[in-house]
Amino acid sequence: MDFVYHIIIGTAILAASPFILLKMIINPRFRTDTLSRLRGGTRVPELSGCVWVHASSVGEVRAAKTLIRVLKEHVKNLPIVLSTFTAMGYEQAVKEGVDHVFRLPPDFPYWIHPLFDKLNPKILILIEAEFWPCLLRRCKYLGVPSILVNGRITKRAASSYEKLQQVFRWITQGIAKFSMRTEADAERILKLGIDPEKVTVNGNIKFDALPGQSKEIPEPDEQSDLNSKLVVFGSTRPGDEGPAMQAIVDLRKEIPGLRFVIAPRHVQRCREVEDLIKEFDMDYVLHSQLGKNLDRNRELILLDTLGELNGYYARAAAAFVGGGLNPRFGGHNILEPAGYNIPVVFGKHMNNFEEEARLLLQSGGGIQIDRPKELYETLHKLMTDPQERQRIGNAAG
């Protein structure tokens, strides 16, 4: 099976190479991202006998940071290295001050095997749902134990894996322990034929990964209006910003003094979001320009840097978390704003955060909307009823 997989991936890489090279020539951003992955393993120092943690993107990196902090208390003599899949995850890890971090190269022996020679890991810890066949099979071949932490598996993913159960068991054969977030995640992984002795439910470590306020956000005495009447639209995806902007336009007509923040999930989409804001003919300022712009009373801030969203959540009156209006995205982390005792509004498609949505709705701290047009109505009720807003916010925290 290993040989077949490598042949398939190798053939796919060769077939796609001309298109990849062409795109690298005409798209600077794609070129930078591709080279970052291809060179990822060369930038990490030799750390023989390390603990290797792998996370995908920003949310998983934050969870990994919590795990790494605990690991440092118990394995003080072993270096810890973190690999990420996405560029945003890598940037977040660097910003969080992780000592050793690199981008995981493509899942093929040419890049993966030299990594093991350089790192010689004592253990591989995967965060949430990172099942890379070559990576995991190399661990098994070398006798390196691997475990899944904060494991999750959505209904959609489980349905896909069920059609290829034999392949899934081959990929995960070397994983010694599956530490799942919820009973539902555990049930799905068990249905795929995983040994029950390997599966435990230990909760979600993202509950412990809420970062503190950012030092980059102006202090309350500098921006009192912003602190008291701020609505944050966080982790927005394509299709979220349109309803958000319409809600902003309608809210500012009805409620004087409101301030707003839009934070795209991927900062590279800021140019696209800027174009949308201009269509609504509304003044805005980029977060990165706040220090240079004397006019801090702009009604709308577009967050174009990483690591600052929680600072705005901490000063918000209410928040909308994107990704849940479209089933393609499956929602984003609604616990981050909830941790700051504010009402959290989100869409109905939360398949990646089912347990979080259930808990927040059960506590009364979350409001789930079925249609984009409900966003304005929901936020209007919250911003015109301070007592109800406080009640829901207290329930969220």
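Predicted, not measured: the structure shown is a model, and the values here were computed from it. (Residues numbered from 1 in each chain as written. Predicted model: local features only at pLDDT ≥ 70, side-chain atom pairs only at ≥ 80, totals over all residues. Heavy atoms only, no water.)

K.L.:
Can you explain the overall build of the protein? Please cite residues and give values.
P.N.:
What the protein contains, in helices and strands, is 17 helices and 14 strands. The principal-axis extents of the C-alpha atoms in the protein amount to approximately 65 × 45 × 40 Å. Here the protein, with 397 residues, has 50% of them falling under the buried criterion. Long-range contacts, defined as pairs at least 24 residues apart, comprise 66% of the intrachain contacts of the protein with a sequence gap of at least 6. If you sum the accessible surface of the protein, you get close to 18800 Å²; carbon and sulfur atoms cover 52% of it. Charge centroids of the protein, computed over 51 positive and 47 negative side chains, lie 5 Å from each other. (Helix = DSSP H or I, 4+ residues; strand = E, 2+ residues; numbered from the N terminus. Buried < 20%, exposed > 50% of the residue type's maximum accessible area, 1.4 Å probe, protein only. Contact = heavy atoms within 4.5 Å. Areas by Shrake-Rupley, 256 points an atom, 1.4 Å probe, with all protein chains shown as cover. Lys, Arg positive; Asp, Glu negative; His and termini not counted. Charge placed at Lys NZ, Arg CZ, Asp CG, Glu CD.)

K.L.:
I'd like to hear about the side chain of Glu308, residue by residue, with values.
P.N.:
Relative to the elements of secondary structure, Glu308 occurs in the loop between strand S11 (300-302) and helix H13 (309-313). By relative accessible area, which is 5% here, Glu308 ends up buried. At a separation of 3.1 Å, a polar atom in the side chain of Glu308 contacts the side chain of Lys95. (Polar contact = N/O pair within 3.5 Å; in protein donor to acceptor, adjacent residues only side chain to side chain.)

K.L.:
Tell me what's going on with the packing of helix H5 (residues 109-119) against helix H6 (residues 133-142), and back it up with residues and numbers.
P.N.:
For the pair H5 and H6, the least separation of the axes is 10 Å and the interaxial angle reads 45°. Taken together, the axes of H5 and H6 lie oblique to each other. Seen along the crossing, H5 lies across H6 with a hand that is right-handed. On H6, the residues touching Pro109, Ile112, His113 and Phe116 of H5 are Cys134, Leu135, Arg138, Cys139 and Leu142. A breakdown of the residues in the contact of H5 with H6 according to their chemical character gives seven nonpolar, one polar and one charged. (Axes fitted to C-alpha atoms, helices over the stretch in contact; angles between N-to-C directions. Parallel < 35°, antiparallel > 145°, perpendicular 65-115°, else oblique. Left-handed = near helix turned anticlockwise from the far one by under 90°. Nonpolar A, V, L, I, M, F, W, Y, C, P; charged D, E, K, R; others polar.)

K.L.:
Could you give an account of the packing of aromatic side chains, naming the residues involved and the relevant values?
P.N.:
In this description, an aromatic ring pair is defined by two values, namely the gap between the centres and the angle between the planes. Under the counting rule described, the total for this entry stands at 10 aromatic pairs. Taking 5.1 Å as the distance between ring centres and 85° as the angle between the ring planes, the aromatic pair formed by Tyr110 and Trp111 counts as edge-to-face. Accessibility expressed as a relative area gives 61% for Tyr110, which makes it exposed. A ring pair is formed by Phe233 and Phe320, whose centres lie 6.2 Å apart and whose planes are at 55°; its orientation type is tilted. (Phe/Tyr/Trp six-rings, centres within 6.5 Å; stacked < 30°, edge-to-face > 60°.)

K.L.:
Account for a nonpolar patch on the surface, naming residues and giving values.
P.N.:
There is a patch of nonpolar side chains on the surface, built from Phe3, Val4, Ile7 and Ile8 and spanning about 420 Å² of accessible area. Assessed through its relative accessible area of 53%, Ile8 is described here as exposed. (Patch = residues over 30% accessible without salt bridge, like charges linked within 9 Å, V, L, I, M, F, W, Y side chains within 5 Å. Salt bridge = Lys/Arg side-chain N within 4 Å of Asp/Glu carboxyl O.)

K.L.:
Outline the sheet that holds strand S13 (residues 344-347), supporting the account with residue identities and numerical values.
P.N.:
Taken in spatial order, the seven strands make up an open sheet running S10-S11-S9-S8-S12-S13-S14, and their pairing is parallel. Either end of the sheet is taken by a strand with one partner, and the two such strands are strand S10 (285-286) and strand S14 (366-369). In this structure, S13 lies alongside S14, joined through four bridges in parallel fashion. Residue Gly347 lies in a different strand from S14, and its bridge partner there is Ile369. Against the sheet, helix H11 (residues 241-254) contacts strand S8 (230-236), strand S9 (259-264) and S11, and its axis sits at roughly 175° relative to S9. (Pairing = 2+ DSSP bridges.)

K.L.:
Now, about helix H12 (residues 270-279): what can you tell me, with residues and values included?
P.N.:
Among all positions of H12, only Cys270, Val273, Glu274 and Ile277 are buried. For H12, the angular spread of the buried residues around the axis is 105°, confining them to a single face. Across from the buried face of H12, at angles greater than 90 degrees, the exposed residues are Arg271, Lys278 and Glu279. Each element contacted by the buried residues of H12 is listed here: H11, S9, S10 and S11. (Arc of directions from axis to C-beta.)

K.L.:
Please provide a residue-by-residue account of the pattern of salt bridges, values included.
P.N.:
Per the stated rule, a full pass over the model turns up 16 salt bridges. The partner of Glu354 in a salt bridge is Arg188, and the shortest N-O contact between them spans 2.8 Å. Pair noted here: Glu354 is in helix H15 (residues 354-363) and Arg188 is in helix H9 (residues 183-191), with a separation of 166 residues, a long-range link. Of the residues examined, Glu354 reaches a relative accessible area of 28% and is grouped as partly exposed. One salt bridge in this structure joins Arg252 and Glu299, with 2.7 Å as the shortest N-O distance. Remark: Glu299 occurs in the loop between S10 and S11 and Arg252 occurs in helix H11; sequence separation between them is 47 residues. The exposure class assigned to Glu299 is partly exposed, which follows from its relative accessible area of 26%.

K.L.:
I'd like a description of the environment of Val273, backed by residues and values.
P.N.:
Position of Val273 relative to the elements: it lies in helix H12. Assessed through its relative accessible area of 1%, Val273 is described here as buried. Separated by 37 residues in sequence, Val273 and Thr236 have C-alpha atoms that sit 9.9 Å apart. Non-local contacts of Val273, meaning those with residues more than four positions away in its chain, are made with Glu241, Ile262, Pro264 and Leu302.

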